[in-house]
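Summary of structural features
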Amino acid sequence: MPDDAPAATTSRSASTPWSLTRGALVGAAEALPGISGGTVALVTGVYETAVTGAGHAISALRLAATDRVRARAELRKVRWSVIVPLLIGMVPGLLITVRFIAPLLEEHPVPLYGLFLGMTAAALVVPVRMAGARWSAGEVTRALVVAAAVFLLVGLPPQHLSPTYPVVLVAAAVAACALALPGTSGSFLLLTFGLYQPTLAALNDRDWGYVAVFLAGIVLGLACFVKALQWLLEHKRRPTLVLLSGVMAGALRALWPWQDDDRTLLAPGDQVGLAVAAFAVGAAVVLGLVAAERRSRSLPDAG
């Protein structure tokens, strides 16, 4: 059942504890290169609600000075009961991951990337199922073309940009676009720009100037991108989900556990068994989340 289902059938899945948990998971995902917060939002059933809500909020801000009646109307379209706890949950999820989990990725990359690969591969069932009826040959072709383009994009070698404030602003804006797309990771793009480690250091060292510029870039990127994505989901939902499926499929390349520093894919090497086991665990976790989300949406309103 899609995110915009009637409230009577979604009240349980929109409960505050569940929305806080979803927010923490999205925040944690965005702190790890290769893992997509958009994918987590999609799996946990909050993706469309988040994108359309952000779009309405952006419209309200734009109208606030010229047409307050329309601005209030836009704000009423936002499902605040989901969005507010989602945003609150993202903060501890992000900070805890930056502090404790991200270092593990440096120490044990093969099993962790195997885990993430399994999670993202299993998550492909979500947009495919949301798209509905059987795909046409043209839809399959479009998804494959998008997947090939993203596959090439995520294989680009990382760069090393100087973390000046203008560079940080632009990089954060681009990363924010990735935040809104399932399959793509804002942290992975920061790694491509050579700004992932400086951003982690700024968060851990409380460099508030850097953090403020980075957040401004995030807001700028979302304001420029989310409205277009909102319109596509509201007016071209099936083609958009087909293309998002292609994005997610192509982005799997970034999670292959055996790559060199220039992102050249290598044959499986050390810890193959551990990586395969982690892949299976990751896939099982995501499929379990998908099943739990569908089950929660099918339950009647307890109130």
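Residues numbered from 1 in each chain as written. Predicted model: local features only at pLDDT ≥ 70, side-chain atom pairs only at ≥ 80, totals over all residues. Heavy atoms only, no water.

Take the overall build of the protein chain next. Summing up its helical and strand segments, the protein chain has 15 helices and zero strands in all. Taking 2.2 N^0.38 as the reference for a compact globule, 303 residues should give roughly 19 Å; the C-alpha atoms of the protein chain span a radius of gyration of 19 Å, in line with that estimate. For the protein chain, the spread of C-alpha atoms along the three principal axes comes to 55 × 45 × 40 Å. In the protein chain, which comprises 303 residues, the proportion classed as buried is 45%. A total of about 14800 Å² of accessible surface is found on the protein chain, and carbon and sulfur atoms cover 71% of it. The centroid of the 23 positive side-chain charges in the protein chain is displaced by 12 Å from the centroid of its 18 negative side-chain charges. (Helix = DSSP H or I, 4+ residues; strand = E, 2+ residues; numbered from the N terminus. Rg over C-alpha atoms; globule rule 2.2 N^0.38 Å. Buried < 20%, exposed > 50% of the residue type's maximum accessible area, 1.4 Å probe, protein only. Areas by Shrake-Rupley, 256 points an atom, 1.4 Å probe, with all protein chains shown as cover. Lys, Arg positive; Asp, Glu negative; His and termini not counted. Charge placed at Lys NZ, Arg CZ, Asp CG, Glu CD.)

All right, on to the layout of surface pockets then. The volume enclosed by the second largest pocket comes to roughly 620 Å³. Lining of the second largest pocket is provided by 22 residues; of these, Glu-106, Tyr-113, Leu-191, Asp-260 and Asp-261 occupy positions nearest its centre. (1 Å grid on protein atoms, 1.4 Å probe; cavity = no way out; pocket = protein on both sides within 12 Å on 5 of 7 lines; lining within 4 Å. Points joined across faces, edges and corners; volume = space filled by probe spheres on them.)

Of note, His-56 is situated in helix 4 (residues 47-63). Judged by relative accessible area, His-56 falls into the buried class, the value being 10%.

All right, on to the nonpolar core then. In terms of nonpolar packing, the biggest core is built from 37 residues, with Tyr-47 and Phe-116 touching the most fellow members. Here this core gets six residues from one element, more than from any other, and that element is helix 7 (residues 109-123). Membership of the second largest hydrophobic core comes to 17 residues, among which are Val-98, Ala-172, Leu-195 and Ala-202. (Core = buried A, V, L, I, M, F, W, Y, C linked by side-chain atoms within 4.5 Å.)

Next up on the list: the pattern of salt bridges. Under the defined criterion, the tally for this structure stands at three salt bridges. The partner of Arg-237 in a salt bridge is Glu-48, and the shortest N-O contact between them spans 2.7 Å. Note that Arg-237 is positioned in helix 14 (residues 237-251) and Glu-48 in helix 4, a separation of 189 residues in sequence. Given the relative accessible area of 22%, Arg-237 is considered partly exposed. The residue Glu-139 makes a salt bridge to Arg-238 at a minimum N-O spacing of 2.8 Å. You can see Glu-139 sitting in helix 9 (residues 137-153) and its partner Arg-238 sitting in helix 14, a full 99 residues away along the chain. (Salt bridge = Lys/Arg side-chain N within 4 Å of Asp/Glu carboxyl O.)

The subject of this paragraph is the environment of Ala-212. By secondary structure assignment, the location of Ala-212 is in helix 13 (residues 208-235). Judged by its relative accessible area of 43%, Ala-212 is partly exposed. In sequence terms Ala-212 and Thr-52 are 160 residues apart; their C-alpha atoms lie 25 Å from each other.

Looking at the secondary structure, you find Leu-94 in helix 6 (residues 80-107). The spacing of Leu-94 and Leu-75 is 19 residues in sequence and 26 Å in space, taken between C-alpha atoms.

What the rule picks out here adds up to two aromatic pairs. Centre to centre, the rings of Tyr-113 and Phe-116 are 6.1 Å apart; their planes meet at 85 degrees, and the pair counts as edge-to-face. One end of the pair, Tyr-113, and the other, Phe-116, are both in helix 7, three residues apart, so they sit about a helical turn from each other. Accessibility expressed as a relative area gives 16% for Tyr-113, which makes it buried. For Phe-116, a relative accessible area of 7% puts it in the buried group. Where Trp-256 meets Trp-258, the ring centres are 5.2 Å apart and the plane angle is 65 degrees; that geometry is what we call edge-to-face. Here Trp-256 falls in the partly exposed class, since its relative accessible area comes to 30%. A relative accessible area of 11% places Trp-258 in the buried class. Geometry around Phe-151 places Arg-253 over its ring, the cationic atom sitting 5.0 Å from the centre. (Phe/Tyr/Trp six-rings, centres within 6.5 Å; stacked < 30°, edge-to-face > 60°. Lys NZ or Arg CZ within 6 Å of the ring centre and 35° of its normal.)

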